[in-house]
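# Observations on chain architecture
For reference, the chains in residue letters:
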Amino acid sequence: KYTEKGYGFSIGGEKYLSNSYSSLRGEFVFLRNKNNFNITDLACHVNTYFFNLTYFYSLEAMDTKPFIFNLGIGFFAGTEKLTGTFPYGIKKRQGNHFLFGFHFSPQIEVPFCKNLSAYLEPSIGLRKSIQDKFFFSLGLGIKYYLPF
């Protein structure tokens, strides 16, 4: 994953809901965000850990080969931790801070073979955070479909 202020990775699983052109994905995400505060002398960053749950509706019924377009909406919850070095006189809020929000994630999936595909997924959303309220991220990933 790439965000407007950093980078990260995620790992999760997705369950296709039979006969509905829908799927449900749960994933654990880690993001490392650069200094986005107005004070430029701070050498700090924000580590973000959260669980993301997304419902996707597939537009594959429209026969969009060689691509599959999916529309996703979901929510997430987790923690943020502000880390780094701070100059004398700067107070830092201690501990982890609760994070939650929701997002809209359209997805383009490119099948390689029966059980393997790649996807590109931009995501926009709102969050309650020690950082900005609005966010944008871009995910690039691989899906492996289990044969059962």
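Quick caveat: nothing in here was measured; it's all calculated off a predicted structure.

Definitions and cut-offs
- Residues numbered from 1 in each chain as written.
- Predicted model: local features only at pLDDT ≥ 70, side-chain atom pairs only at ≥ 80, totals over all residues.
- Heavy atoms only, no water.
- Phe/Tyr/Trp six-rings, centres within 6.5 Å; stacked < 30°, edge-to-face > 60°.
- Helix = DSSP H or I, 4+ residues; strand = E, 2+ residues; numbered from the N terminus.
- Lys NZ or Arg CZ within 6 Å of the ring centre and 35° of its normal.
- Buried < 20%, exposed > 50% of the residue type's maximum accessible area, 1.4 Å probe, protein only.
- Pairing = 2+ DSSP bridges.

### Observations concerning the packing of aromatic side chains
Taken as a whole and judged by the stated rule, the model has seven aromatic pairs. Between Phe76 and Phe135, the aromatic rings sit 5.6 Å apart at their centres with planes inclined by 85°, giving edge-to-face as the arrangement. Of this pair, Phe76 sits in strand S5 (residues 68-85) while Phe135 sits in strand S8 (residues 134-144), and the two are 59 residues apart along the sequence. An aromatic cluster of at least three residues, connected via ring pairs, comprises Phe9, Phe30 and Tyr49. Its guanidinium or amino end placed over the ring of Phe56, Lys143 lies 6.0 Å from that ring's centre, counting from NZ or CZ. The ring of Tyr119 is capped by Lys143, whose NZ or CZ atom sits 5.6 Å from the centre of that ring.

### Comments concerning the pairing of S8
The alternating pattern of S8 places Phe135, Ser137, Gly139, Gly141 and Lys143 on a buried face, while none of Phe134, Phe136, Leu138, Leu140, Ile142 and Tyr144, on the opposite face, is buried. For strand S7 (residues 116-128) and S8, the ladder comprises eleven bridges, and the chain directions are antiparallel. Bridge pairing in S8 places Ser123 opposite Ser137. Remark: five residues form the turn of the hairpin made by S7 and S8, two consecutive strands paired antiparallel.

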